[in-house]
Amino acid sequence: MKLSSVFVTTLSALTVTALTALGFSSQAQALTFSGESSGVWGKPTPGSMNTKPIYSGVGSNSFSWGDADDFGTGQNQLIFSGDSFSSEMGSLFKIGDLTYFNGSVTPGTSVDFVPLNLHVSFGDRINVSEVFNFDFHLKNTPNDSPDPADNADFVYVGKNFGNRNFTFADKKYTLSLTGFREKGSTTDVSEFRVLEGEKTTAAIFAKITLVPPDSKTIPEPGTVAGLSLLGIYLISCRKSANG
């Protein structure tokens, strides 16, 4: 076989491989995921200090707790509002809102923890549903300070939401919850601090990423480019050696 034929054959094979890998990458980046989310609250944990816990909303998206006192602001409340979404792979997108209202409640009637079951489902084209479970820690102050800042209540949520993997069109993807962000902020938070009679809303965001394929079957574009340059270099060296 002539050297020119070897060069053309080798270069053609590498070009096809490169185009295949680049085409795979472009298709993955252009893929759009659509779906919706919902959330329901589970049974709370009262804690040792709350001897007469009062709560409602288990199994729904709105959870209230505590016996409202004479301030007239009502019970504490957490509401999770699900949302529909449509996002390209790798982009950050909102899947729901958490609203926390700080009411005034009688001591001993609160709860310490309440779980939220967050359900994320994709459209019929993908037909995938995932559930995330995590606890919210509720801290209620006695409201006996003349400084309103000292009477603020807190809601804590852990940052480790976990990831979920799913398969679509023979490719594996990861759904990750990135955290909560209060309205107008670009920073994830794990604590909500709210004054008496006021409320805050935080959006929970997620991201979908592609699980890297097996390098033995589909080379990365950068690797393919490196192999192409190496092949051209070796062929050039062989041509020089043969005079």
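Our structure's up above, just so we're on the same page.
The model shown is predicted, which means the values in this text are computed figures rather than measured ones.

### Some remarks on the overall build of the protein
Part 1: Of the regular secondary structure elements, the protein holds two helices and 13 strands.
Part 2: Going through the 243 residues of the protein one by one, you find that 35% of them count as buried.
Part 3: Counting only contacts in the protein whose residues sit at least 6 apart along the sequence, the fraction spanning at least 24 positions is 67%.
Part 4: Roughly 13,500 Å² of accessible area belongs to the protein as shown, and the carbon and sulfur atoms make up 54% of that amount.

### With respect to the packing of aromatic side chains
Part 1: Tallying each qualifying case throughout the model produces 17 aromatic pairs.
Part 2: Their ring planes at 25° and their centres at 5.7 Å tell us that Phe 63 and Trp 65 sit as a pair that is stacked. Like Trp 65, Phe 63 is buried.
Part 3: We note Lys 139 situated over the ring of Phe 154; from NZ or CZ to the ring centre the distance is 5.7 Å.
Part 4: Over the ring of Phe 205 we find Arg 181; its NZ or CZ atom is 5.5 Å from the centre of that ring.

### Focus on the nonpolar core
Part 1: Phe 134, Phe 136 and Phe 180 are the most contacted members of the largest nonpolar core, which totals 40 residues.
Part 2: A per-element tally of this core places strand 7 (residues 113-122) first, with five residues.
Part 3: Not counting chain neighbours up to four residues away, the residues in contact with Phe 134 comprise Val 114, Pro 115, Leu 116, Leu 118, Val 157, Phe 161, Leu 177, Phe 180 and Ile 204.

### Concerning the sheet that holds strand 5 (residues 84-88)
Part 1: What the six strands build is an open sheet, ordered 5-1-7-8-9-12; its pairing is antiparallel. Because the sheet does not close on itself, it has two edges, and the strands there are strand 5 and strand 12 (191-194). Strand-to-strand twist in this sheet, taken as the mean axis angle between neighbours without regard to direction, amounts to 25°.
Part 2: Where strand 9 (residues 153-157) meets strand 12, four bridges bridge the pair, whose relative direction is antiparallel.

### Concerning the pattern of salt bridges
Part 1: Counted under the stated rule, the structure contains three salt bridges.
Part 2: With its nearest N and O atoms 3.6 Å apart, the salt bridge here joins Lys 94 to Asp 83. Of this pair, Lys 94 sits in strand 6 (residues 93-101) while Asp 83 sits in the loop between strand 4 (76-82) and strand 5, and the two are 11 residues apart along the sequence.
Part 3: With relative accessibility at 27%, the residue Asp 83 sits in the partly exposed group.

### With respect to the pairing of strand 13 (residues 199-210)
Part 1: Two elements, strand 6 and strand 13, share eight bridges in a ladder whose sense is antiparallel. Its bridge partner being in strand 13, Leu 98 is matched across the sheet by Ala 202.
Part 2: Alignment of strand 11 (residues 171-182) against strand 13, held across nine bridges, turns out to be antiparallel. Bridge pairing in strand 13 links Tyr 173 to Leu 210.

### Brief notes about the side chain of Asn 76
Part 1: Position of Asn 76 relative to the elements: it lies in strand 4.
Part 2: In this structure the side chain of Asn 76 is engaged in a polar contact, spanning 2.5 Å, whose partner is the backbone nitrogen of Gly 103.
Part 3: When near neighbours in sequence (up to four residues on either side) are disregarded, Asn 76 contacts Phe 63, Ser 64, Trp 65, Phe 101, Asn 102, Gly 103, Ser 104, Val 105, Asn 140 and Asp 153.

About the cut-offs
Residues numbered from 1 in each chain as written. Predicted model: local features only at pLDDT ≥ 70, side-chain atom pairs only at ≥ 80, totals over all residues. Heavy atoms only, no water. Helix = DSSP H or I, 4+ residues; strand = E, 2+ residues; numbered from the N terminus. Buried < 20%, exposed > 50% of the residue type's maximum accessible area, 1.4 Å probe, protein only. Contact = heavy atoms within 4.5 Å. Areas by Shrake-Rupley, 256 points an atom, 1.4 Å probe, with all protein chains shown as cover. Phe/Tyr/Trp six-rings, centres within 6.5 Å; stacked < 30°, edge-to-face > 60°. Lys NZ or Arg CZ within 6 Å of the ring centre and 35° of its normal. Core = buried A, V, L, I, M, F, W, Y, C linked by side-chain atoms within 4.5 Å. Pairing = 2+ DSSP bridges. Axes fitted to C-alpha atoms, helices over the stretch in contact; angles between N-to-C directions. Salt bridge = Lys/Arg side-chain N within 4 Å of Asp/Glu carboxyl O. Polar contact = N/O pair within 3.5 Å; in protein donor to acceptor, adjacent residues only side chain to side chain.

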